[in-house]
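# Descriptive analysis of the structure
Here is what each chain is made of, one letter per residue.
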Amino acid sequence: MRIGVLGTGNMADALATHWVRAEHEVTVGGRDADRARRLAERLGEGVRHGDLAEAAGAGEVVLAALPYGAGEEVARELRTVLDGKVLLDCSNPVGPPGFRLLTGDGPSAARRLARAAPGARVVKAFNLCHDDVWRMTPPVFYGRPLAVPVCGDDPAALALVHTLVRDIGCTPLPAGGLDRAGLLEATAALFIGLWVGEGADVQSIAPPLAYAAGVEG
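Residues numbered from 1 in each chain as written. Predicted model: local features only at pLDDT ≥ 70, side-chain atom pairs only at ≥ 80, totals over all residues. Heavy atoms only, no water.

## Examining the environment of alanine 70
Here alanine 70 is to be found in helix α4 (residues 70-77). Note: C-alpha distance between alanine 70 and leucine 113 (43 residues apart in sequence) is 10.0 Å. (Helix = DSSP H or I, 4+ residues; strand = E, 2+ residues; numbered from the N terminus.)

Here it is in C-alpha cells:
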C-alpha cells in the first residue's frame, strides 16, 4: 500500500514504523524539510520524504498526524491533491483547561477535515492511545490484542484502514460512520482526563460484555 504521512511528530513516527515493517511504501511530508528527512531516515531505507503536498500525492492512504486545527488547515490547502484519497485522522481535539473537548458542540475534528477536503474519504482511528502504545510490537494487554475503533462512511476506505490496524498487531473494531467520530473524540477527552488528571484506570469503569445489557435471571 502507498501511504503518505502528513506530519513529523510522535504519532507519525510510531504508526509509520509499523507500516514500513509491513513493507508498505511510505512517504513522509512536513513543513520542515529537515525534520521530514530525519524521520524518513529513522524509519528506514526506501522511505521517501518531501513537503506536505508531495506526501499527500504519494499515498492512496494519507495519515493526517497533525495537531487539531492544523489538520483542517492543511486539508484545505491540499484539497485538490487529496481528492479520492483515504484521509486517516488520528487527532485528538483535547486541551486546557481540564482536558476539555475543543470542538465543543460543533463538528468533530474528523468532520472538519471532511469539509476542508470534500473529495477525500475520511476515516477516524488511532486516537485513543498515547504514541508509546502504538510503538509496542504489538500492543497486546493481558494476552489480548488492542482493539482499535474505526469510523468512516466508505467501505473501501475502511477496508484499507482495517488492514493498517492489523499491520500494527491490533484488531479493527467497526465503530460506525463518520458521524460517530465525535464520540471517539469525546471518549478520548474523557479517558485522558481520567488517566492523566485523576490517575484512574478507565478499564475499571466498564463491566464485562456479558453484563453490558443487564443480568438475566
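## A look at the nonpolar core
Ranked by internal contacts, the top residues of the largest apolar core, which has 37 residues, are Trp19, Val26, Leu88, Phe126 and Trp134. Sort the elements by how many residues they give to this core and helix α1 (residues 10-21) lands first, with 7 residues. Contact partners of tryptophan 19, with chain neighbours within four places excluded, come to Ile3, His24, Val26, Leu63, Leu88, Phe126, Leu164, Asp167 and Ile168. Counting 26 residues, the second-largest nonpolar core is a separate cluster that includes Val74, Leu87, Ala116 and Ala181. (Core = buried A, V, L, I, M, F, W, Y, C linked by side-chain atoms within 4.5 Å. Buried < 20%, exposed > 50% of the residue type's maximum accessible area, 1.4 Å probe, protein only. Contact = heavy atoms within 4.5 Å.)

## Here's the deal with the sheet that holds strand β5 (residues 86-89)
On the basis of which strands lie adjacent, the open sheet formed by 8 strands has the order β3-β2-β1-β4-β5-β8-β11-β12 and mixed pairing. The open sheet has two edge strands, β3 (48-50) and β12 (171-174), and neither has a second partner. Taken pair by pair, the neighbouring strands of this sheet meet at an average axis angle of 25°, ignoring direction. Of the pairings in the sheet, the one linking strand β4 (residues 61-64) to β5 comprises 4 bridges and is parallel in character. By the bridge assignment, leucine 63 is partnered in β5 with leucine 88. (Pairing = 2+ DSSP bridges. Axes fitted to C-alpha atoms, helices over the stretch in contact; angles between N-to-C directions.)

## A word on the packing of aromatic side chains
Tallied over the full model, the rule gives 3 aromatic pairs. Relative to tryptophan 134, the ring of phenylalanine 126 has its centre 5.2 Å away and its plane inclined at 85°; by these criteria the two rings are edge-to-face. Residue phenylalanine 126 shares its accessibility class with tryptophan 134, and that shared class is buried. An angle of 65° between the planes, with centres 5.3 Å apart, marks the rings of phenylalanine 191 and tryptophan 195 as edge-to-face. (Phe/Tyr/Trp six-rings, centres within 6.5 Å; stacked < 30°, edge-to-face > 60°.)

## So, α4
Every buried residue of α4 is accounted for by Gly71, Val74 and Ala75. Down the axis of α4, the sector holding all buried residues measures 100°, keeping them to one side. Where α4 is buried, its residues contact β1 (2-6), α3 (52-58), β5 and α5 (109-116). (Arc of directions from axis to C-beta.)

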